[in-house]
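# Chains, contacts and geometry: an overview
Here is what each chain is made of, one letter per residue.
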Amino acid sequence: MSMNSSPWWKEATIYQIYPRSFFDTNGDGEGDLPGVTSKLEYVKSLGVDAIWLSPFYTSPNIDGGYDVADPRDVDPRFGNLADAKQMIDVAHSLDLRILVDVVPNHFSDQHVWFQEALKAGRGSSARSRFHFYDANPDGTPPNNWISLFGGPSWMQVEDGQFYLHLFDSSQPDLNWDNEEVATDYEKTLRFWLDLGVDGFRIDVAHGLVKEDVLKDHPNPQGLSDALRLDMSMDSEKRYELLSSVPYFDRQGVHEIYRKWRKIFDSYGDRDVMAVAEAWVHPPVNATRYVRPDELHQVFNFDLLDAPFNAEHLYDVVSRSIELMKSVDALPTWALSNHDSPRVASRLGDLQSRALALFVIALPGSAYIFAGQELGLPDGVISDEFRQDPIYFRTNGLQKGRDGARVPLPWDGDTAPFGFTSGKPWLPMHDSWKELTIDKQSVDPKSSLNLYRNALNLRAEHLVNNGEIKWLNSPHHGIKNPSLLAFSRGDMSVYMNLGETAIEVEVTGKVLIVTAGIPDSRDGKLTIPPVSTMWIHH
Ligand code: NOJ
Ligand code: CA
């Protein structure tokens, strides 16, 4: 493929907005679509190519909008369809693409279909759109699967039948063997494409097809633990448990995406793209989602919980690149999202800056979670304010994901920092005073300006600049075990993960560094401790 004909998404930077936490325009304490629209200039100033918006559809909002009651309308808390159209149009006028999040694995129990199913009773066609089954003779649920949010994955209704819910009990799983489900979803895709969006993030893309629904799993608790990122487990054990999950990564999901791809392609030069949220094992299975007649990208979650360790990061990065190469695709990279602890809290400020600069230089697409560019830590939330269903379904054992979802600090010296004129939906604290967008904008050393500079330099020097060549890694010409370095085109990238400066023999111009002052003399360059540096040759 020639450089110019590369589609926009091949090596894009995509900014994830959690609309509820972005910017509030009507003082109800929750972000909204007019809020997104009013801040698109800010998004543009970062140098990103596209925005992915977490759900803003009609929803009782038990699971932050991933419980969709009408996938073709906007929830009043976020505005209305005209606001969505306005947001898309303004984004396009700024040359920003828009991806919306679709949630095809389940609906909310408030969706008309589910309400109909409850009324229609057992054996009805309304129930066959979901997974309704009778109880076992002893009254127990049809099988022993555990919900990903904790507790059983079955909920009993009044007449004694159970329905399947892999997530919260308010999120009944759809039955994708039912043609009506498939047809309705195609309608949803076209609806948003016709409104002007440029593509989709597909929630739980690996989950749509279930097998053996009436069979018990031999180790449901083990499987449930293995599925949790925050649970440490012997990796072979985890591997074994995850190698075949009756409700994940079944072959049937690929038929669905082949059909969807035809829809996307029917929009021709709109260059519609879709990215799959697919947690699959072994990792090679992820490549199936991006075969040429399926989706365009698949999320790579390996960096979300990766330690700041050279050997580990080398393995993850090189493996991700090799895997995707086998299907002629490029990897995706993400350090944070709305489901995991923020990278600055997990690794520390310097470390997360260094890792971000490293990742932004890699081939493929980089996803940046709103607030990550500010180096935001997780918000401190006392239990009484928690909202995540994970917290409630595990009886507080797991704290849930609210920490990553605290609204953005825009300006001023005290919380809620201009996010809202009312009371923010999650508590914000004055301790974020130095982190506001306003303050960081004028500080050349801020995390925000680091991201801005890096994204601009990436567009200029790295995008479409081919593969990387390792210069120093645990497996290539090891000079220092704390150093990871690669070259790409006429650039080279050095990440020092250690606490002491490292001297390397290299000439060129330092374009950007995350910490310290690079010292360059007689063809030797000093890489400060815990920093990443880009060099132009
Ligand atoms: C993945 C989403 O990212 C998460 O926020 C949500 O709770 C589950 N899917 C269920 O839709
Ligand atoms: Ca609002």
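Here's a quick rundown of the structure.

Our next topic: the overall build of the chain. Helices and strands together make up the secondary structure of the chain, namely 14 helices and 21 strands. Relative to the compact-globule value of 24 Å for 537 residues, the chain shows a C-alpha radius of gyration of 23 Å, a close match. Its C-alpha atoms put the chain at 80 × 50 × 50 Å along the principal axes. Within the chain, the proportion of its 537 residues that are buried is 59%. Pairs at least 24 apart in sequence give 68% of the contacts found in the chain among residues at least 6 apart. Looking at charge distribution, the chain has the averaged site of its 50 positive side-chain charges lying 2 Å from that of its 76 negative ones.

Before going further, it helps to spend a moment on the coordination of the calcium ion (ligand 2). The calcium ion (ligand 2) binds to the protein through Asp24 (OD), Asn26 (OD1), Asp28 (OD), Glu30 (O) and Asp32 (OD), with metal-donor distances spanning 2.3 to 2.4 Å. Here the donor residues of the calcium ion (ligand 2) share one chain and are spaced in sequence as D-x1-N-x1-D-x1-E-x1-D. Classification of Asn26 by relative accessible area gives exposed; the value is 51%. A relative accessible area of 2% places Asp32 in the buried class.

Another point: helix α14 (residues 447-461). When the terminal C-alpha atoms of α14 are compared, their 21 Å separation across 15 residues agrees well with the 21 Å that a helix rising 1.5 Å per residue should span. The element α14 is largely enclosed, with a buried count of 11 among its 15 residues. Every buried residue of α14 is listed here: Ser447, Leu448, Asn449, Leu450, Tyr451, Arg452, Ala454, Leu455, Leu457, Arg458 and His461.

Once that is clear, we can look at the site of ligand 1. Lining the immediate environment of ligand 1, one finds 13 residues, of which Asp63, Asp203, His338, Asp339 and Arg401 sit closest. In the environment of ligand 1, an oxygen atom lies 2.7 Å from a nitrogen or oxygen atom belonging to the side chain of Asp203. At 3.0 Å from an oxygen atom of ligand 1 is found a side-chain nitrogen or oxygen belonging to Arg401. Against a free-state accessible area of 300 Å², the protein chains account for coverage of 97% of ligand 1. Per-class residue counts for the shell around ligand 1 are 4 nonpolar, 2 polar and 7 charged.

On to the environment of Ile321. Structurally, Ile321 can be placed in helix α9 (residues 310-325). Residue classification places Ile321 among the buried residues on the basis of a relative accessible area of 16%. Considered as a pair, Ile321 and Arg190 are 131 residues apart in the sequence and their alpha carbons are 32 Å apart. Not counting the four nearest positions on each side in its chain, Ile321 is found in contact with Pro331, Trp333, Pro363 and Ile468.

Take the nonpolar core next. Ranked by internal contacts, the top residues of the largest apolar core, which has 145 residues, are Tyr15, Phe200 and Trp534. If we ignore the near neighbours within four places in the chain, the residues touching Phe200 are Leu99, Val100, Val102, Leu189, Trp192, Leu193, Phe264, Met273, Ala274 and Val275. Counting residues in hydrophobic clusters, the runner-up holds 17 residues, among them Leu164, Ala226, Val245 and Phe248.

Contact geometry for helix α11 (residues 349-360) and α14: axes closest at 10 Å, N-to-C directions at 15°. Compared by their axis directions, α11 and α14 come out roughly parallel. Considering the relative orientation of α11 and α14, their crossing is right-handed. In contact with Arg353, Ala356, Leu357 and Ile360 of α11, α14 contributes Ser447, Leu450, Tyr451, Ala454, Leu455 and Arg458. Residue composition of the contact of α11 with α14, grouped by class: 7 nonpolar, 1 polar and 2 charged.

The next subject is the pattern of salt bridges. Inspection of the entire model under this criterion finds 32 salt bridges. Here Arg77 and Glu30 are joined by a salt bridge, their closest N and O atoms 2.8 Å apart. Taken as a pair, Arg77 in the loop between β4 (70-74) and α3 (81-93) and Glu30 in the loop between β1 (13-17) and α1 (33-38) lie far apart in primary sequence, 47 residues in all. Residue classification places Arg77 among the partly exposed positions, given a relative accessible area of 21%. The partner of Glu116 in a salt bridge is Arg129, with the nearest N and O atoms 3.2 Å apart. Placement of Glu116 in helix α4 (residues 112-120) and of Arg129 in the loop between α4 and β6 (132-133) is noted, with a sequence separation of 13 residues between them. In this structure Glu116 comes out as partly exposed when scored by relative accessible area, which is 38%. Looking at Arg129, the relative accessible area reads 9%, which means it is buried.

Take unusual backbone geometry next. Across the chain, the bulk of peptide bonds are trans and the bulk of non-glycine residues have phi less than zero. A cis amide bond, omega -10°, links His281 with the succeeding residue Pro282. Looking at the element boundaries, Pro282 is found in the loop between β10 (273-276) and β11 (297-298). The phi angle at Asp95 is positive, at roughly 65°, despite the residue not being glycine. On the basis of relative accessible area, Asp95 is assigned to the exposed category, the value being 56%. With a phi close to 65°, Asn464 is a non-glycine residue in the positive phi region.

Procedures and definitions
Residues numbered from 1 in each chain as written. Chains lettered and ligands numbered in written order. Predicted model: local features only at pLDDT ≥ 70, side-chain atom pairs only at ≥ 80, totals over all residues. Heavy atoms only, no water. Helix = DSSP H or I, 4+ residues; strand = E, 2+ residues; numbered from the N terminus. Rg over C-alpha atoms; globule rule 2.2 N^0.38 Å. Buried < 20%, exposed > 50% of the residue type's maximum accessible area, 1.4 Å probe, protein only. Contact = heavy atoms within 4.5 Å. Lys, Arg positive; Asp, Glu negative; His and termini not counted. Charge placed at Lys NZ, Arg CZ, Asp CG, Glu CD. Donors = N, O, S within 2.8 Å, 3.2 Å for Na, K, Ca; no water. Expected span 1.5 Å × (residues − 1). Near = heavy atom within 4 Å. Polar contact = N/O pair within 3.5 Å; in protein donor to acceptor, adjacent residues only side chain to side chain. Areas by Shrake-Rupley, 256 points an atom, 1.4 Å probe, with all protein chains shown as cover. Nonpolar A, V, L, I, M, F, W, Y, C, P; charged D, E, K, R; others polar. Core = buried A, V, L, I, M, F, W, Y, C linked by side-chain atoms within 4.5 Å. Axes fitted to C-alpha atoms, helices over the stretch in contact; angles between N-to-C directions. Parallel < 35°, antiparallel > 145°, perpendicular 65-115°, else oblique. Left-handed = near helix turned anticlockwise from the far one by under 90°. Salt bridge = Lys/Arg side-chain N within 4 Å of Asp/Glu carboxyl O.

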